[in-house]
Amino acid sequence: MFEQLTQLVQQYGGDAVVNNTAIPNEHNEAVINETSSSIFSGLQKIASEGGAEQLAGLFNGSSPIDSSNPVVQQITQQLSGSLGEKFGLSGAASSGVAASMIPQVLNSLVNKAKDPNDGSFQISDIISSIAGNSGQASNIMDTISKYGMQFGLDQNNDGKVDLSDAAALTKSGGIGGLLGKLFGKS
């Protein structure tokens, strides 16, 4: 997932990084890599600190992916500090890059995960990558399951949304079918 995330950051890094005179050209690639690392580690940190509700809100679209979103705020602050520390950028330059990049990249990540026709990001892969094999992955999945019940994802009518429901949806339309049902697309 990290490589795919880096590709998204590169896609949106033109104006915020490459065309930014506050960032010396020799640092462009390193700033892009730092942005990817900060997003990934920020999502991991949120998962490890019990932020299942925040992450579920991010991926189900219940909260806007802008500067008012707590996930965006946390990752933006982390990246801003890191850019200043590692590359000597001013506070204004670091904040500007972070404030520009984080919402764009997270919006794109979420939209790709929701799009049944785009297999580049799968919600299960994202959750596994950020939460690992720990209890956080199941907490996040439980939260998504809670939302899933509201969207009719209980395919076998057992009163919960779990892997058997995901398997049933996968057979009937892949993970895109699952995400389509979860996020209102068919």
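Provided above is the structure to which this section pertains.
Rules behind the numbers
- Residues numbered from 1 in each chain as written.
- Predicted model: local features only at pLDDT ≥ 70, side-chain atom pairs only at ≥ 80, totals over all residues.
- Heavy atoms only, no water.
- Salt bridge = Lys/Arg side-chain N within 4 Å of Asp/Glu carboxyl O.
- Helix = DSSP H or I, 4+ residues; strand = E, 2+ residues; numbered from the N terminus.
- Buried < 20%, exposed > 50% of the residue type's maximum accessible area, 1.4 Å probe, protein only.
- Core = buried A, V, L, I, M, F, W, Y, C linked by side-chain atoms within 4.5 Å.
- Contact = heavy atoms within 4.5 Å.
- Polar contact = N/O pair within 3.5 Å; in protein donor to acceptor, adjacent residues only side chain to side chain.

(A) Molecular detail of the pattern of salt bridges. Evaluated as defined, the whole model comprises one salt bridge. E34 serves as the salt-bridge partner of K86, at 3.0 Å between the closest nitrogen and oxygen. Placement of the pair is K86 in helix 4 (residues 70–87) and E34 in helix 2 (residues 28–48), with a sequence separation of 52 residues. Assessed through its relative accessible area of 52%, K86 is described here as exposed.

(B) Molecular detail of the nonpolar core. Within the largest apolar cluster, 37 residues are counted, with the highest numbers of intra-cluster contacts made by I39, L43, L106 and L109. It is helix 5 (residues 91–114) that contributes the most residues to this core, 10 residues altogether. Setting aside chain neighbours within four positions, we find L109 in contact with L8, L43, F59, F121 and I126.

(C) Up close: the environment of Q73. Secondary-structure assignment places Q73 in helix 4. Residue Q73 is classed as partly exposed on the basis of its relative accessible area of 37%. C-alpha separation for the pair Q73 and A98, spaced 25 residues apart in sequence, amounts to 9.6 Å. Excluding anything up to four places from it in sequence, Q73 contacts S67 and S68. At 2.9 Å, the side chain of Q73 forms a polar contact with the backbone oxygen of S67.

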